[in-house]
Amino acid sequence: MKTIIEPFRIKSVEPIYFTTKEERKTILEKANYNPFRIKAKDVLIDLLTDSGTSAMSSNQWAGIMQGDESYAGSSSFFKFEDSVRSITGMPYIIPTHQGRAAEKIIFTILGGKGKYFISNTLFDTTRANIEFSGAEGIDLICEEGKHPTIPALFKGNIDIEALKKTIREKGAENIPMIIITVTNNSGGGQPVSMQNIKDARAVCKEYNIPLFIDACRFAENSYFIKLREEGYANKTVPEIANELFSYADGCTMSAKKDAFANIGGFLAMRDLDLAIRCRNLLIITEGFTTYGGLAGRDLEAIAIGLQEVMEENYLQYRIRSIEYLTNKLIAAGVPVMQPAGGHAVYIDAKAFLPHIPVEQYPGQSLVCALFEEGGIRSVEIGSLMFGKYDEAGKLLPAQLELVRLAIPRRVYTQSHIDYVSEVIIEVFNNRNKIKGLKITEETPMLRHFTAKLNPII
Amino acid sequence: MKHIIRKSWAEPYKIKMVELLKMTTPAHRRKAMLEAGFNTFLLKSEDVYIDLLTDSGTSAMSDQQWAGMMLGDEAYAGSRNFYHLEEVVKEIYGYKYLVPTHQGRGAENILSKILIKKGDIIPGNMYFTTTRLHQELAGGKFEDVIIDEAHDPGNEFPFKGNVDLEKLEKLIRKYGANKIPYVSMATSVNMAGGQPISMKNLKELRALTKKHGIRVIHDMTRVAENAHFIQQREKGYQNKSIKAIVKEICSYTDGATMSAKKDALVNIGGFLAINDWDVFEEARNMVVVYEGLHTYGGLAGRDMEAMAIGIKESVNDNHIHARVGQVIYLGEKMIEYGVPIVKPIGGHGIFVDAKKILPHISQDQFPAQTLAAEVYLDSGVRTMERGVVSAGRKANGENYYPKLELVRFTIPRRVYTQAHMDVIAESTARVFERRNKIKGLKMVYEPKYLRFFQARFQPL
């Protein structure tokens, strides 16, 4: 059968409020042309992020009701610990209120001026946390990953040769860790192959550098390995995930993605000394070691979600629904990242709006156009998010100008997705009318969250 | 006319959902205690009968709050639960700007980083562990300006949380007002035993700080409990509502850090509130790095909703009357049994004087730690040490020997019944009766920082 149906039915619904195009124009203007500033009630289809926006299962909600809110030794913590251990095989599990808190802890300990963190691609908050510590982040995506519209199987891979070269240049002693992000979010939700992780492991071993996984979307990545990599077709997703983590010394995880939780994250590692240092910091900024700033019920929901996400019926539906939207757009000639990634559709804004120069943020302009046309909220992953200024104040643009339509897990139906594709195609057909933007107000770090912009007339 | 205080404190609610408890045998408890190294923090919660470790995040939410949980808007940006919370904070506390955080220490971290410069002095009415740590990490130094009565467990002064204004003035003269970014003022001072500050003292503090252009930042985690004591004890407030008193307290301050896990009846959540736009803007930018975008601050939407509803419930007169009434009921029972406790009885727990109960155990043998272990062994009641173990070591490696060796019995809000209180008092009395037979402990494992969380002990 061709149609892949959802391996669940709906148990509770949340109403969507409709707006007219005229209303949306005003909303956009009031939000200073930044979707992060729009109130959620004014959004029709919210594709801003797949983080924390999942629909939990009835089992998870039952777990929520069973949360043990004891400050120390909560039984929900032990369930959480068992669940994370069963997947990662790592002995030391540290809960945090979300992924960036796990990053904050590890980079505060290992970062600092003169240090380099090398990755396939670091995500925005990860990079911010590294830079906040005084260290520098280096992205070494493989060649295939740099070309949005040319399909390849594992566009999230790290460039192994470049990795060796960079280690020699910067000195292994200045590199506290290598981070592999699975799947590669900023690069289009593209998977990393098991072979690539093994190769990175070998390099790390040679230079005695720890390998960490940014594991937010480990299940989606594992499923891609099953589908695309030789020798994995007959393995189960838990087996593949186990193997993937077996090559790593530790991981950070935002449970708001591949654990269907609305809040939560963790750090896991094999080194007891490092774990002790992390726990000392945890108590200061997050909470005691057996709750890490989370309610007991949230630990419970994560423990259950982590197991649910590895079910193959779910992953088949998940990957297939992203593919469905991507293929619709490809058929209409919309330039999108190919092949489809695991959690989002990425539109190539540079190709979509060739008349808007990068200094006028084509990605953000497209984001605004999609909102105005159909009330869809998306996010720019381009020069607004990652751009910097040189000493003369000139914009140093990002490598790619993308617009991400992140699909929340188990939330929207096929008709929602059909509507989304119609809106995008409508905007595409009238793309020449779209104008660029200029920034009127910004902060030095993570400016895309709060920046204010204005259309260039 | 004297306000007549109702003696009964019947709960203004009935029970809608229960959590089953495991009853344990003495043999089971002995085994669990051995495994936990005689440290109550290391006990598994399933081995605990009545858990009085903390009142933080352990409240029972109301059906209204649970209904709010189902209305969580989990949008990453602009969640409607955020706007609801913002509105409630403005209405109940009167602060202009709000930045949510995943819990109180998240707000302390951000505020300390924004307001404190290296070499600054932060005066306050007694330290609290995490608050002081964040002030120190930001480069500041904490100076205690609480009145002397607060350090004497037997002194029954009604407002032992007051600031000693002379001490504060002396500090201002010594360092200059420009070295003091703010006064850290807590309502219901935790380390003093949940002792309140009076409105009169607060007004005077406002006048003094205004004269010198110094901010007052309010550690407001138990503000409603403080308001209750003002209503019961301070002239002119008998006929005012808790809601009005809370708002008046906040009006004498410039901003606040809040752990909503106490008064506000939630299991997770906190915030930073401030009247100064510039500080707010900086906080909003910083919260993204540490906590989450400024419209969720590291919280699920549902938790912001539960917080908004919990804040409103927390300033209800009947609620607070029953809350503090229950604590006082337990304290009075203990006094009846002759158990020495810190007086007057505070708002959120009973602090038992372990030094007085176990005079034959020296501080090097950890009397409060020993007493906490004994109470657990007797009945499965989990309490917390607040003495030499919690105080830790000085920079030169010597132990701090605090004046107080206390065991804290903290009462979670709306969770336990009067019968539970009776069990706690009876168990403490039983341990008290055989106090002469109790032997001390020796420490066999000591972590480098905050040792009370994870240290291990053996009986002598």
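Residues numbered from 1 in each chain as written. Chains lettered and ligands numbered in written order. Predicted model: local features only at pLDDT ≥ 70, side-chain atom pairs only at ≥ 80, totals over all residues. Heavy atoms only, no water.

Caption draft 1: Molecular detail of the sheet that holds strand 6 (residues 211–214) of chain A. Residues and elements named next belong to chain A. In space, the 7 strands of this open sheet follow the order 2-8-7-6-5-3-4, with mixed pairing throughout. With partners counted over all chains shown, the strands left at the sheet margins are strand 2 (92–96) and strand 4 (136–139), one partner each. Mean inter-strand twist for the sheet, computed between neighbouring axes without regard to direction, equals 20°. Across 5 bridges, strand 2 lies against strand 8 (residues 265–269) in antiparallel orientation. Bridge assignment links Ile94 to a residue of strand 8, and that residue is Leu267. (Pairing = 2+ DSSP bridges. Helix = DSSP H or I, 4+ residues; strand = E, 2+ residues; numbered from the N terminus. Axes fitted to C-alpha atoms, helices over the stretch in contact; angles between N-to-C directions.)

Caption draft 2: Spatial organisation of the confidence of the model for chain B. Considering every residue of chain B, the mean pLDDT works out to 94; 98% of them sit at 70 or more. Model confidence for the complex: the whole-complex pTM is 0.90, and ipTM, which rates the interface, is 0.85. (pLDDT = per-residue confidence, 0-100.)

Caption draft 3: Spotlight on the sheet that holds strand 9 (residues 349–353) of chain B. All names here are of chain B. Here we have 3 strands laid out as an open sheet, ordered 9-12-11, and antiparallel in their pairing. Of all the strands in the sheet, just strand 9 and strand 11 (384–386) have a single pairing partner and so form its edges. Here the strands of the sheet are splayed against their neighbours by 30° on average, with no regard to which way each runs. Of the strand pairs in this sheet, strand 9 and strand 12 (residues 406–410) are connected by 5 bridges, and their pairing is antiparallel. The residue bridging Gly349 from the neighbouring strand is Thr410, located in strand 12.

Caption draft 4: Inspection of the side chain of Asp263 of chain B at higher detail. All names here are of chain B. Within the fold, Asp263 resides in the loop between strand 7 (255–259) and strand 8 (270–274). Although buried, Asp263 forms no salt bridge, and the nearest oppositely charged side chain, Arg413, lies 4.2 Å from it. For Asp263, the side chain forms a polar contact with the main-chain nitrogen of Val223, separated by 3.0 Å. One polar contact links the side chain of Asp263 to the main-chain amide nitrogen of Ala224, over a distance of 2.5 Å. Not counting chain neighbours up to four residues away, the residues in contact with Asp263 comprise Thr221, Arg222, Val223, Ala224, Glu225, Ser314 and Arg413. (Buried < 20%, exposed > 50% of the residue type's maximum accessible area, 1.4 Å probe, protein only. Lys, Arg positive; Asp, Glu negative; His and termini not counted. Salt bridge = Lys/Arg side-chain N within 4 Å of Asp/Glu carboxyl O. Polar contact = N/O pair within 3.5 Å; in protein donor to acceptor, adjacent residues only side chain to side chain. Contact = heavy atoms within 4.5 Å.)

Caption draft 5: Spatial organisation of the domain arrangement of chain A. Residues and elements named next belong to chain A. Assigned domains of chain A: these are domain 1 (21–50 + 311–455) and domain 2 (58–308). Averaged C-alpha coordinates put domain 1 and domain 2 at centres separated by 26 Å. Summing the contributions of domain 1 and of domain 2, the shared interface buries around 3000 Å²; its carbon and sulfur component is 59%. Note that Lys388 is salt-bridged to Glu131, the shortest N-O span being 3.1 Å. Across the contact surface, domain 1 and domain 2 share 19 residue pairs in polar contact (both at pLDDT 80 or more). Secondary-structure elements contributing two or more residues to the side of domain 1 that touches domain 2 are helix 12 (312–331), strand 9 (344–348), helix 15 (383–386) and strand 14 (402–406). Ranked by residue count, the leading element in the side of domain 1 that touches domain 2 is helix 12, at 6 residues. Looking at the side of domain 1 that touches domain 2 residue by residue, the classes come out as 16 nonpolar, 7 polar and 9 charged. (Domains from an automatic or database assignment. Buried area = accessible area lost by both parts, 1.4 Å probe. Nonpolar A, V, L, I, M, F, W, Y, C, P; charged D, E, K, R; others polar.)

Caption draft 6: Representation of the interface of chain B and chain A. Facing the 55 residues of chain B at the interface are 55 residues of chain A. Both sides together, the interface formed by chain B and chain A hides about 4600 Å², and carbon and sulfur atoms give 59% of it. Looking at the side of chain B facing chain A, the largest losses of area belong to Tyr76, Val289 and Arg302 of chain B, adding up to 14% of the total buried there. Where chain B meets chain A, there are 2 salt bridges. Its salt-bridge partner being Asp303 of chain B, residue Arg297 of chain A comes within 3.0 Å of it at the nearest N-O pair. Looking at the side of chain B that touches chain A, the elements that each hand over two or more residues are helix 2 (63–70), helix 3 (80–92), helix 4 (104–115), helix 5 (129–137), helix 10 (277–290) and helix 11 (301–314) of chain B. If one sorts the elements of the side of chain B that touches chain A by residue count, helix 10 of chain B sits on top with 4 residues. Taken together, the residues of the side of chain B that touches chain A sort by class into 25 nonpolar, 18 polar and 12 charged.

Caption draft 7: Seen up close, the nonpolar core. Tyr93, Leu205, Met220, Val246, Phe271 and Ile311 of chain B are the most contacted members of the largest nonpolar core, which has 102 residues in total. By residue number, the principal contributor to this core is helix 10 of chain B, which donates 8 residues. Viewed by domain, this core spans two of them, domain 1 (21–50 + 311–455) and domain 2 (58–308) of chain A, each represented by three or more residues. In this structure, Ala215, Phe218, Ala241 and Phe245 of chain A belong to the second largest nonpolar core, which totals 64 residues. (Core = buried A, V, L, I, M, F, W, Y, C linked by side-chain atoms within 4.5 Å.)

Caption draft 8: Quick peek at unusual backbone geometry. Here Val182 of chain A and Thr183 of chain A are connected by a cis peptide whose omega angle stands at -20°. Along the chain, Thr183 of chain A falls in the loop between strand 5 (177–181) and helix 7 (194–207). Between Gln338 of chain A and Pro339 of chain A the backbone carries a cis peptide bond, its omega angle lying at -10°. Locating Pro339 of chain A in the fold gives a position in the loop between helix 12 and strand 9. Its identity is not glycine, yet Leu265 of chain B carries a phi of approximately 65°, on the positive side.

Caption draft 9: Spotlight on the pairing of strand 7 (residues 250–254) of chain A. Residue and element names in this part refer to chain A. Where burial is concerned, most of strand 7 is hidden: 5 out of the 5 residues are buried. What you see with strand 7 is no split at all: Gly250, Thr252 and Ser254 on one side and Cys251 and Met253 on the other are buried throughout. Summarising the sheet, strand 7 and strand 8 pair through 5 bridges and their orientation is antiparallel. Considered in strand 8, the bridge of Gly250 is made with Met269.

Caption draft 10: Region of interest: the pattern of salt bridges. Residue and element names in this part refer to chain A. With the rule as written, the count across this model stands at 54 salt bridges over all chains. The residue Arg447 makes a salt bridge to Glu442 at a minimum N-O spacing of 2.8 Å. Judged by relative accessible area, which is 6%, Arg447 ranks as buried. Because the salt bridges share partners, they merge into one network encompassing Asp50, Arg217, Glu220, Asp258, Arg318 and Arg409.

Caption draft 11: Broad picture of the side chain of Asn39 of chain B. All names here are of chain B. Tracing the chain through its elements places Asn39 in the loop between helix 1 (26–35) and strand 1 (50–51). Overall, the relative accessible area of 2% leaves Asn39 in the buried class. Among the polar contacts listed, one links the side chain of Asn39 to the backbone nitrogen of Phe41, at a separation of 3.0 Å. Contact partners of Asn39, with chain neighbours within four places excluded, come to Met33, Gln369, Phe452, Phe453, Gln454 and Ala455.

Caption draft 12: Quick peek at the packing of helix 14 (residues 367–379) of chain B against helix 16 (residues 418–433) of chain B. All names here are of chain B. Where helix 14 contacts helix 16, the axes come no closer than 9 Å and their chain directions differ by 115°. As for the relative orientation of helix 14 and helix 16, their crossing is right-handed in sense. Here helix 14 contributes Leu371, Glu374, Val375, Asp378 and Ser379 to the contact with helix 16, which in turn contributes Ser427, Arg430 and Val431. Class assignment of the residues belonging to the contact of helix 14 with helix 16 gives a composition of 3 nonpolar, 2 polar and 3 charged. (Left-handed = near helix turned anticlockwise from the far one by under 90°.)

Caption draft 13: Geometry of helix 7 of chain A. All names here are of chain A. End to end, helix 7 covers 20 Å across 14 residues, agreeing with the expected 20 Å (1.5 Å per residue, within 8%). Within the sequence span of helix 7, burial applies to Met194, Asn196, Ile197, Ala200, Arg201, Val203, Cys204 and Tyr207. Turning to helix 7, the residues buried within the fold contact helix 6 (160–170), strand 5, strand 6, helix 8 (218–228) and helix 9 (237–246). (Expected span 1.5 Å × (residues − 1).)

Caption draft 14: How the structure looks around the pairing of strand 5 (residues 182–186) of chain B. Residue and element names in this part refer to chain B. Within strand 5, 5 of the 5 residues are buried, leaving the element largely enclosed by the surrounding structure. By the alternation rule, side chains of strand 5 split into Tyr182, Ser184 and Ala186 and Val183 and Met185, which are all buried. Of the strand pairs in this sheet, strand 5 and strand 6 (residues 215–219) are connected by 5 bridges, and their pairing is parallel. Paired with Ser184 across the two strands is Ile217, which belongs to strand 6. Taking the sense of rotation as the criterion, the β-α-β connection linking strand 5, helix 7 (residues 199–212) and strand 6 turns out right-handed. (Right-handed = clockwise from strand over helix to strand, strands pointing away.)

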